[in-house]
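An overview of the molecular structure
Chain by chain, the residues:
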Amino acid sequence: MNVQFDNENRNRYYGLRVGDIVEERAFSSVLKGEVIEYCMDNNRVYIRTEQGNHVSVVCEYCTIIEKVEDKITK
């Protein structure tokens, strides 16, 4: 993925940005983690889970818990 792309306007990847804390609820499971990288398609991102695993998740199933902008201003 292009390193310069950061989805600042949140108009792709269902509004997710690298650095966001998200929760994915799908298929009777819940994953929570930080978005670490965009996938090549517009519907998936990689997150680092609370256990330290890197997992590809579907953006549509993710809820933003904390935006990266809010973490920077704290």
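Residues numbered from 1 in each chain as written. Predicted model: local features only at pLDDT ≥ 70, side-chain atom pairs only at ≥ 80, totals over all residues. Heavy atoms only, no water.

Here we take up the pattern of salt bridges. Side chains that differ in sign of charge can pair as their charged atoms come close. A complete count under the given rule lists six salt bridges for this structure. Between R48 and E34 there is a salt bridge; the shortest N-O distance is 3.8 Å. Here the residue R48 occupies a position in strand β3 (residues 44-49), and E34 occupies one in strand β2 (residues 29-38), the gap between them amounting to 14 residues. Exposure remark for R48: the relative accessible area of 35% places this residue in the partly exposed category. Relative accessible area serves as the criterion here: at 26%, E34 is assigned to the partly exposed category. Several salt bridges share partner residues, and in doing so they unite D6, R10, R17, D20 and E69 into one network. (Salt bridge = Lys/Arg side-chain N within 4 Å of Asp/Glu carboxyl O. Helix = DSSP H or I, 4+ residues; strand = E, 2+ residues; numbered from the N terminus. Buried < 20%, exposed > 50% of the residue type's maximum accessible area, 1.4 Å probe, protein only.)

The topology assignment puts V58 in strand β4 (residues 54-58). For V58, a relative accessible area of 13% puts it in the buried group. When the C-alpha atoms of V58 and R44 are compared, they prove to be 4.6 Å apart, with 14 residues separating the residues in sequence. Beyond its immediate chain neighbours, meaning those up to four positions away, V58 contacts E24, N43 and R44. (Contact = heavy atoms within 4.5 Å.)

Turning our attention to the packing of aromatic side chains. By the definition in use, this model includes four aromatic pairs. Ring geometry for F5 versus Y38: centroids 5.2 Å apart, planes at 65°, classification edge-to-face. One end of the pair, F5, is in the segment before β1 (21-26); the other, Y38, is in strand β2, with 33 residues separating them in the sequence. (Phe/Tyr/Trp six-rings, centres within 6.5 Å; stacked < 30°, edge-to-face > 60°.)

On to the pairing of β3. Of the two faces of β3, the one lined by V45, I47 and T49 is fully buried and the one lined by R44, Y46 and R48 carries no buried residue. Relative to β3, β2 is paired through five bridges, and the arrangement is antiparallel. By the bridge assignment, E37 is partnered in β3 with Y46. Joining the antiparallel neighbours β2 and β3 is a turn of five residues. (Pairing = 2+ DSSP bridges.)

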